[in-house]
Amino acid sequence: MGPGYGVLHEPVLEAMRTAALTEGLVLDPVYSGRAMAGLIAAVRDGDIRPGQRIVLLHTGGLPGLFGHTETVHRTVDGLRAYEPEGASPRTEE
């Protein structure tokens, strides 16, 4: 594998945030995050048409987050921008 295999790219980070916000899905940055980024790109590029049935197989991935602490922090920080106004800030214990 090349050195870029485990590198987090912005489309993957954005796909992870979108899936968390819209569907409550937790994606790992290596497999399911990349798959979702590819799906989003296919829709955006018109390769998948409105109304067309598709399946994205989410095989888990949560254990894959353990090796990506920085990615988890970046994703959570990005989600905080979407918190409703007046929501009480979360504190880390």
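Residues numbered from 1 in each chain as written. Predicted model: local features only at pLDDT ≥ 70, side-chain atom pairs only at ≥ 80, totals over all residues. Heavy atoms only, no water.

Asker: Would you mind showing me how to read helix H2 (residues 32-44) here?
Answerer: Because an α-helix completes one turn every 3.6 residues, residues spaced three or four positions apart along the sequence face the same direction. If you check H2, its first and last C-alpha atoms are 18 Å apart, about what 13 residues at 1.5 Å a residue would give, namely 18 Å. Taken as a whole, H2 has its buried residues at Ser32, Gly33, Met36, Ala37, Leu39 and Ala42. Packed against the buried residues of H2 are helix H1 (10-23). Gly46 occupies a position one or two residues after H2 and carries a positive phi of about 85 degrees. (Helix = DSSP H or I, 4+ residues; strand = E, 2+ residues; numbered from the N terminus. Expected span 1.5 Å × (residues − 1). Buried < 20%, exposed > 50% of the residue type's maximum accessible area, 1.4 Å probe, protein only. Contact = heavy atoms within 4.5 Å.)

Asker: Whenever I open this one, the nonpolar core confuses me. Can you help?
Answerer: It is characteristic of soluble globular proteins that their nonpolar side chains tend to be buried jointly. Core analysis: the biggest nonpolar cluster contains 12 residues, these being Leu8, Val12, Leu13, Ala15, Met16, Ala19, Leu27, Met36, Ala37, Leu39, Ala42 and Ile48. For this core, the elements supplying multiple residues, two or more each, are H1 and H2. The element that contributes the greatest number of residues to this core is H1, accounting for five residues. Sequence-distant contacts of Ala19, defined by excluding residues within four places in its chain, comprise Gly24, Leu25, Leu27 and Met36. (Core = buried A, V, L, I, M, F, W, Y, C linked by side-chain atoms within 4.5 Å.)

Asker: Hey, could you run me through H1 in this one?
Answerer: The end-to-end C-alpha distance of H1 is 19 Å, a good match for the 20 Å that 14 residues give at a rise of 1.5 Å each. Among the residues of H1, those classed as buried are Val12, Leu13, Ala15, Met16, Arg17 and Ala19. Directly beyond the C-terminal end of H1, a positive phi value near 70 degrees is found at Gly24.

Asker: Would you take a moment to explain the side chain of Asp28 for this structure?
Answerer: Mapped onto the secondary structure, Asp28 falls in the loop between H1 and H2. Nearest to the buried, unbridged Asp28 among oppositely charged side chains is Arg34, at 7.5 Å. Here Val30 takes part through its backbone nitrogen, which lies 3.0 Å from a polar atom of the side chain of Asp28. Polar side-chain contacts of Asp28 include one of 2.8 Å to the side chain of Ser32. (Lys, Arg positive; Asp, Glu negative; His and termini not counted. Salt bridge = Lys/Arg side-chain N within 4 Å of Asp/Glu carboxyl O. Polar contact = N/O pair within 3.5 Å; in protein donor to acceptor, adjacent residues only side chain to side chain.)

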